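# Residue-level structural notes
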Amino acid sequence: MEVAALSPTSSPLPLLSTAPVHRLHLLPPRFVSGRRLRPSSRHQGVGCVKDGWGQRHSAPSVEPATQEVGTAVPREWSGDAIRRRFLEFYAARGHKILPSSSLVPDDPTVFLTIAGMLQFKPIFLGKEPRRVPCATTSQKCVRTNDIENVGRTARHQTFFEMLGNFSFGDYFKKEATAWAWELATKEYGLPAERLWISVFEDDDEAFNIWHNEVGVPKERIKRMGAEDNFWTSGATGPCGPCSEMYYDFYPERGSSDADLGDDSRFIEFYNLVFMQYNKKDDGSLEPLKQKNIDTGMGLERMACILQKVPNNYETDLIFPIIEKAASLALVSYAKADDAMKTNLKIIGDHMRAVVYLISDGVLPSNIGRGYVVRRLIRRVVRTGRLIGIRGDGHENPEGAFLPSLAEVVINLSTQIDPDVKSRRKSIIAELQREELRFVQTLGRGEKLLDELLDEALLSAGNNGNKPSLSGKDVFLLYDTYGFPVEITAEIAGERGVTVDMKGFEIEMENQRKQSQAAHNVVKLSVGNETEIVKSIPDTEFLGYDSLYATAVVKGLLVNGNPVNEVSEGSEVEILLDRTPFYAESGGQVGDNGFLYVNGGEDRKQTAVIEINDVQKSIGNIFVHKGTIKQGSVEVGKEIDASVDVKLRQGAKAHHTATHLLQSALKSVVGSETSQAGSLVAFDRLRFDFNFHRPLSEEELIKIESLVNQWIGNATHLETKVMALQDAKNAGAIAMFGEKYGEEVRVVEVPGVSLELCGGTHVSNTAEIRGFKIISEQGIASGIRRIEAVAGDAFVDYVCARDNYMRRLCSSLKVKAEDVNGRVDTILEELRATRNEVSSLRSKIAVLKAGSLASKATTVEPQNVRIVVENMGDVDADALKSAAEYLIGTLQDPAAVILGSSPGDGKVSLVAAFSPAVVKMGLQAGKFVGGIAKLCGGGGGGKPNFAQAGGRKPENLPGALEKARAEIVAAVSSSPS
């Protein structure tokens, strides 16, 4: 089968995949009928099927498979023609032609659309009634679980089209099989003698239909196991056998020992799933009342066959993109070596994926589906540069080449998705932005990576070790140069160098901790602060009106010490005469963005500084903290300052929402409450206030409702500068912890809020979009804290929670309003079950222990009875019960040491010594503690009884053997 699926909890883009290239991987919660393939007919022969929407008519007649049927394959079979013929073929047989669904599925269990049947999943599962008896589609699909194979094999793609015909209780196996044969041999004209069939090993019905009614010789029908030819939707639910059609490129090799898994000879192009059973809880199968058909034909695979090209990439569906990429790189695909062809194929494939994903609303980002797009785009950019594409591939070395390739994809899209052309402008703009953003750091990053790889190879050669790239180096490339870790690993792998992924994760975690710890640190100090401040005037803040400005560097500090120049790679603190960057104050975090140093008459960019924080120092001097990403910066240089627009907007939305929240609090719980602190971040707000008790659920709902009502009123904000006393007289509320001069800035939401505030705000409350309280809790005596989200963060939060609720409702099979009751019931049942299981386990363990008593070993000279045993998967409580039973059953002197692996990587150990053994100087606590260390744990207890645990169950057998040897040795050497 041809379609692969992604788990909803898995990483969107795994680095490696062991998936065979010719098999279907079932969708995670397990509902995917991969690619399904369907039949065609001339309205005569096998069985009968509905004509149109009501009349029955004869199913297709079947030409013997041993004869040539159909016409010769035309020289030109365009992809559009293959698609059209497929859909028209089934439309003529009563199928409704339905449009492709989006690449972003409605199904929350599926990351991206990877199969034609996905839009019909609710019908197949019986959750929705069928709207038509049978349908046919050409579905856009994206598969990214084995991206490393793209371009390297003949048929791996990230984007592909799945042609399918589906029956919802209408026709079944006989008609589907006959039509599949007719479509292949008559409609597409494939020679019958080149077609092979696979069936599930126990599906005699399908075997007989293919052989007796279709006429395929037995030697060209292969029975295959459940792994290949039985589809299931999960542990329970609809399932059924599959049948696949294969094209034989080398029939002259004969049928003896033919292996359909041999991709050099065969290509599977059509898959039929016969959904005929329901799998019950006990694993047994019962016939479905409504039997369904789900098929899939890979359009690119059929085009490869009919167009007689060696791989899917050279079909007219992809090759025009490849040709365009080759022309931009000034190379000829026909004359290119294998490595160049592979790179061109990667570009051709990935460009289709990113264009259709962006068209369906998936924009580049660092999370979820957006990360899929970002990674694919960056892979194309890097590959393009690798093969020689510079700039836009024409006359602009600073331009982007992805738009030129996207134009080709868009021109090919008419019959695939008509909406793509209408979204051309936004697709091109998004690709251009993303490419230019990546190119800014790609060149420097590639150079550094090459140097690091050279060092790794040299070091390994000198030391005789395997070459490896450290986690710190991988993190540097990721954090500073924007290299996705997957691309770093891919490039390193090409040169035989491994990547320390654990080290990378440690660096990521360290950065998160440092970022949190340093958030409130202002550092313009180390002794020389006073001298530099004397010579620098206060910074002029321009950020209320503009996010861009030209300024002059007035001072530079490294580790708190003034310097005149700082070079690439250094952490630096920059003092400017004027700035659009907001410095952290009033609870609002400092802006992020970039400073650009431009030199010469043409003002060519010579340095780039990434600003990740801005703080205020003595007086009103703004300290821009960042890293020099490119070039060097000197005191006195003119720079262009640019604030990150998206982050600023997030801060503005959360700051205005904070003002609305304070007003709502006073309205709901009383004007006596007052602010005790706040944080206004890009992605959230935190508001501390004085109050003597937790807020009730009803109060929180009223507060949320009020804030959202004010947001919906679309009120324009007003800002004024006035005398402090006038502001106070007008009723303005002062922000917590702020110091005010004689003149103050007043921010007003007319009729709602009036506060003294120097922060940045939206122009109209409607810009906030929405407000949601995330939590309310006490943080100190008489101090409560509310955390909330607004703006884009609000939308993200609500969407995420909606997805969680959908999954929960789907899992519990209840409506949203019934979830609480269902969960309470499940929890109560779980508690009762756990108690029952615990009791049963203890009883079972005691029963097992009873049989162990007779196996006790007697050790002289004092005839100590010893039992050392592995009790399997019993839990710690049951293990304790077993040990207590044994030590009570065996005559004194006796020693019992038991171990178990209850699951989840845990080890349980217990030691019980009778009084006589304790008198020998042996202590259960010390003994079992030493044994537990062998299992990666520890423990102890009393001299006569002790328990311990560990985290290495694989070491338990060896640990118990050591325990046996040590206890035997100890009691043997003990004096009588």
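Starting afresh in each chain, residues are numbered from 1 along the sequence in its written order. Per-residue local features are limited, in this predicted model, to residues with pLDDT of at least 70; the limit for side-chain atom pairs, both in listing and counting, is 80 or more; totals at the level of whole chains, interfaces and linings are taken over all residues. By convention in this description, side-chain values take in all heavy atoms of the structure and omit both hydrogens and water.

Rules: UniProt positions are given in the numbering used here, feature names are shortened, and annotations may be inferred rather than shown by experiment.
The protein appears in an unreviewed UniProt entry as Probable alanine--tRNA ligase, chloroplastic from Urochloa decumbens. According to the UniProt record, the Sequence similarities (unreviewed entry) comment for the protein is "Belongs to the class-II aminoacyl-tRNA synthetase family. Alax-L subfamily." Recorded in UniProt under Function (unreviewed entry), the annotation for the protein is "Catalyzes the attachment of alanine to tRNA(Ala) in a two-step reaction: alanine is first activated by ATP to form Ala-AMP and then transferred to the acceptor end of tRNA(Ala). Also edits incorrectly charged tRNA(Ala) via its editing domain."

## With respect to the overall build of the protein
Our working definition: Helix numbering and strand numbering both begin at the N terminus, where a helix is a DSSP run of H or I of at least 4 residues and a strand a DSSP run of E of at least 2. Residue exposure (1.4 Å probe, protein chains only): buried if accessible area is under 20% of the type maximum, exposed if over 50%, otherwise partly exposed. By the convention used here, residues are in contact when the closest approach between their heavy atoms is within 4.5 Å. In these tables, accessible area is a Shrake-Rupley quantity obtained with a 1.4 Å probe, and a residue counts as shielded only by the protein chains included in the view.
The helix and strand inventory of the protein stands at 25 helices and 38 strands. Expressed as a percentage of its 976 residues, the buried residues of the protein come to 51%. Put simply, 68% of the contacts in the protein that link residues at least 6 apart link residues at least 24 apart. Counting every atom, the protein has about 42900 Å² of accessible surface; 49% of that belongs to carbon and sulfur.

## Observations regarding the packing of aromatic side chains
Selection criterion: In this analysis, rings of Phe, Tyr and Trp, with Trp reduced to its six-membered ring, are considered paired at centre separations within 6.5 Å, and the interplanar angle assigns stacked below 30 degrees, edge-to-face beyond 60, and tilted for intermediate values. The criterion is that NZ of a Lys, or CZ of an Arg, lies within 6 Å of the ring centre and within 35 degrees of the ring normal, and then a charge sits over that ring.
For the structure on display, the rule yields 24 aromatic pairs. Between the aromatic rings of Trp77 and Tyr188, the centroid separation amounts to 5.5 Å while the plane-to-plane angle is 80°, which identifies the pairing as edge-to-face. You can see Trp77 sitting in the loop between β2 (55–58) and α1 (79–91) and its partner Tyr188 sitting in the loop between α3 (173–187) and β6 (195–200), a full 111 residues away along the chain. Here Trp77 and Tyr188 have matching classes, each one buried. Taken together, a centroid distance of 6.4 Å and an interplanar angle of 70° make the contact between Trp181 and Trp210 edge-to-face. Taken as a pair, Trp181 in helix α3 and Trp210 in helix α4 (residues 204–214) lie far apart in primary sequence, 29 residues in all. In terms of burial, Trp181 and Trp210 fall into one category: buried. Residue placement shows Arg223 over the ring face of Phe207; its charged tip is 4.5 Å from the ring centre. Cation over ring: Arg253 sits above Tyr250, and NZ or CZ is 4.2 Å from the ring centre.

## Details of unusual backbone geometry
For the bond from Glu860 to Pro861, the omega torsion is 15°, close enough to zero to count as cis. Along the chain, the position of Pro861 falls in the loop between β33 (857–859) and β34 (864–870). Phi at Arg769 takes a positive value of approximately 75°, unusual for a residue other than glycine. By secondary structure assignment, the location of Arg769 is in the loop between β30 (753–756) and β31 (771–780). With a phi angle near 60°, Asp904 is a residue other than glycine that sits in the positive phi range. For Asp904, a relative accessible area of 69% gives the class exposed.

## Focus on the nonpolar core
Our working rule: The criterion is simple. A nonpolar core is a set of buried Ala, Val, Leu, Ile, Met, Phe, Trp, Tyr and Cys residues joined through side-chain atoms within 4.5 Å.
Formed by 116 residues in total, the largest nonpolar core has its most connected members in Tyr188, Trp210, Phe269 and Met351. A per-element tally of this core places helix α8 (residues 338–359) first, with eleven residues. Once residues within four sequence positions are removed from consideration, Met351 is found in contact with Ile321, Val380, Leu402, Leu405, Ala406, Val409 and Leu431. With 29 residues, the next largest nonpolar core counts Ile703, Val749, Ile768 and Ile773 among its residues.

## Some points on empty space enclosed by the protein
Applied cut-off: With a 1 Å grid spanning the protein atoms alone, the term cavity applies to any set of points in which a 1.4 Å probe fits but cannot get out, the term pocket to an open set with protein on both sides within 12 Å along at least five of seven lines, and the term lining residue to any residue with an atom within 4 Å of a point. Grid points are joined across faces, edges and corners, and a volume is the space filled by probe spheres set on the points.
According to the stated counting rule, one finds two cavities of 30 Å³ or more in the structure shown. Its boundaries defined by the atoms lining it, the second largest cavity holds a volume of some 30 Å³. Every residue lining the second largest cavity is listed: Gln662, Leu665, Lys666, Thr673, Ser674, Gln675, Phe687 and Phe689. Elements supplying a minimum of two residues to the lining of the second largest cavity: α17 (645–669) and β26 (685–690).

## As for the sheet that holds strand β38 (residues 945–950)
Note the following rule: A strand pair is defined by DSSP finding two or more bridges across the two strands. Note on geometry: axes are lines fitted to C-alpha atoms, helical ones only across the stretch in contact, with angles between N-to-C directions running from 0 to 180 degrees.
The sheet built from six strands is open, its strands ordered β33-β34-β35-β36-β38-β37 with mixed pairing. Taken across any chain shown, the strands that pair with only one partner, and hence form the sheet edges, are β33 and β37 (938–941). With direction set aside, neighbouring strand axes in the sheet form an average angle of 20°. Examined bridge by bridge, strand β35 (residues 894–903) and strand β36 (residues 906–913) share seven bridges and lie antiparallel to one another. Across the sheet, Gly899 pairs through a bridge with Leu909, a residue of β36. Along the sheet, helix α22 (residues 876–889) contacts β34, β35, β36 and β38; its crossing angle with β35, the most-contacted strand, is approximately 160°.

## A closer look at the side chain of Gln307
Note the threshold: Two N or O atoms form a polar contact when they lie within 3.5 Å of each other; inside protein one atom must be a possible hydrogen donor and the other a possible acceptor, and for residues adjacent in sequence the pair counts only when both atoms belong to side chains.
Tracing the chain through its elements places Gln307 in the loop between α6 (299–306) and α7 (319–328). Accessibility expressed as a relative area gives 15% for Gln307, which makes it buried. Within the local environment of Gln307, its side chain forms a polar contact with the side chain of Asp316, the two groups lying 2.8 Å apart. Dropping the residues within four chain positions of it, Gln307 is found in contact with Trp77, Ser78, Gly79, Glu314, Thr315 and Asp316.

## Observations concerning α6
Within α6, eight of the eight residues are buried, leaving the element largely enclosed by the surrounding structure. Turning to α6, its buried residues are Leu299, Glu300, Arg301, Met302, Ala303, Cys304, Ile305 and Leu306. As for α6, its buried residues are in contact with α1, β5 (159–168), β9 (237–248), β10 (266–279), β11 (285–298) and α8. Backbone geometry just downstream of α6 places Lys308 in the positive-phi region, at approximately 55°.

## Re the packing of α8 against helix α10 (residues 402–411)
Our working definition: Comment on the angle field: the value is read as roughly parallel under 35 degrees, roughly antiparallel over 145, roughly perpendicular from 65 to 115, and oblique elsewhere. All amino acids are sorted into three groups, where Ala, Val, Leu, Ile, Met, Phe, Trp, Tyr, Cys and Pro are nonpolar, Asp, Glu, Lys and Arg are charged, and the leftover types, Gly among them, are polar.
Where α8 meets α10, the axes come as close as 9 Å, and the angle between the chain directions of the two elements is 75°. In this view, α8 runs roughly perpendicular relative to α10, as classed from their interaxial angle. Packed against α8, whose contacting residues are Ile347, Met351, Arg352, Val355 and Tyr356, the element α10 presents Leu402, Leu405, Ala406, Val409 and Ile410 at the interface. Tallied by class, the residues present in the contact of α8 with α10 amount to nine nonpolar, no polar and one charged.

## Some points on α10
Extensive coverage of α10 is indicated by the burial of eight of its ten residues. Within the span of α10, buried status applies to Leu402, Pro403, Ser404, Leu405, Ala406, Val408, Val409 and Ile410.

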